Every structure is written in C-alpha cells, then in structure tokens.
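As a plain string of letters, each chain reads:
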Amino acid sequence: MMEDAVELEVITLEDGIEYAVTKEINNYLLLVNPADQTDFCIRKKVFKDGNEYIESLDTDEEFNQAIALFQNYFSK
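Residues numbered from 1 in each chain as written. Predicted model: local features only at pLDDT ≥ 70, side-chain atom pairs only at ≥ 80, totals over all residues. Heavy atoms only, no water.

Draft legend 1. Up close: the overall build of the protein. Tallying secondary structure elements over the protein gives 1 helix and 5 strands in all. For the protein, the sequential pattern of α-helices and β-strands runs β-β-β-β-β-α. With the C-alpha coordinates aligned to their principal axes, the bounding extent of the protein is approximately 45 × 30 × 25 Å. A total of 76 residues make up the protein; the buried ones form 29% of that total. In the protein, 24% of the contacts between residues at least 6 apart in sequence involve partners at least 24 apart. With the model as given, the accessible surface of the protein reaches about 5900 Å², and the carbon-plus-sulfur share is 48%. (Helix = DSSP H or I, 4+ residues; strand = E, 2+ residues; numbered from the N terminus. Buried < 20%, exposed > 50% of the residue type's maximum accessible area, 1.4 Å probe, protein only. Contact = heavy atoms within 4.5 Å. Areas by Shrake-Rupley, 256 points an atom, 1.4 Å probe, with all protein chains shown as cover.)

What follows is the structure, encoded as structure tokens:
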C-alpha cells in the first residue's frame, strides 16, 4: 500500500537553490534540497512590519540552539 504524498513548501534561497521546508520548530526551519538530500540548512522565520522573512542564523550559539531543537525532535 502506497502512503499519501506529502506536499512540502519549497523556497528558493539567496544562492538560487530550492529547498523544501521539512520541519519547523520555534520559527527555525529545517530545509533540505530535494535534488540532493545531503544538502540541508537551517534558517529562521522572522516577522518585520507585518511581513514574514526567511533569514540566516545570526551566531554560532543560535545555530547550536536550533540544531539541538531538531536533534531532540528527531531522536524521539
């Protein structure tokens, strides 16, 4: 029996590469390149002046915090 396909949101980052949003936790997005699943990155959703933006993480500390959230989620 085939499972139903899940439609993922796809965004294009500043490098022109498309990434699928595979998980969101606390406004952090885990993005995976559908053409190369070893190519992934983490971005954050921010809200400014009523608009939503996707931005890079600001510091190594923020990156480590985001990675810990995803590791905790996926290790359950």
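So much for the structure itself; the text now carries on.
Draft legend 2. The arrangement of the packing of aromatic side chains in detail. Scanning the model with the defined rule gives 1 aromatic pair in all. Centre to centre, the rings of Tyr-73 and Phe-74 are 4.9 Å apart; their planes meet at 85°, and the pair counts as edge-to-face. (Phe/Tyr/Trp six-rings, centres within 6.5 Å; stacked < 30°, edge-to-face > 60°.)

Draft legend 3. Focus on the sheet that holds strand S3 (residues 28-33). With antiparallel pairing, the 5 strands of this open sheet are ordered in space as S1-S2-S3-S4-S5. The open sheet terminates on both sides in strands that have one partner only, identified here as strand S1 (10-12) and strand S5 (51-55). For this sheet, the mean inter-axis angle between neighbouring strands, taken without regard to orientation, is 40°. As judged from the 5 bridges shared by strand S2 (residues 18-25) and S3, these two strands associate in the antiparallel manner. In the sheet register, Lys-23 faces S3, and the bridge partner there is Leu-30. (Pairing = 2+ DSSP bridges. Axes fitted to C-alpha atoms, helices over the stretch in contact; angles between N-to-C directions.)

Draft legend 4. Looking closely at the confidence of the model for the protein. Looking at the protein, pLDDT values average 92 and 93% of them are 70 or higher. Across the protein, S3 holds the top mean pLDDT of 97, while S1 sits lowest at 94. (pLDDT = per-residue confidence, 0-100.)

Draft legend 5. Just the environment of Leu-31, in detail. By secondary structure assignment, the location of Leu-31 is in strand S3. C-alpha of Leu-31 to C-alpha of Val-6: the two residues are 25 residues apart in sequence and 15 Å apart in space. With near-sequence residues (within four places) excluded, Leu-31 lies in contact with Ile-11, Leu-13, Tyr-19, Ala-20, Val-21, Asp-39, Phe-40, Cys-41 and Arg-43.

Draft legend 6. Seen up close, the pairing of S3. Of all 6 residues in S3, 6 are buried, a share of seventy percent or more. Here S3 shows no split at all, with Tyr-28, Leu-30 and Val-32 on one side and Leu-29, Leu-31 and Asn-33 on the other all buried. Two elements, S3 and strand S4 (residues 36-48), share 6 bridges in a ladder whose sense is antiparallel. Opposite Asn-33, over in S4, you have Asp-36 as the bridge partner. The loop that links S3 with its antiparallel partner S4 comprises 2 residues.

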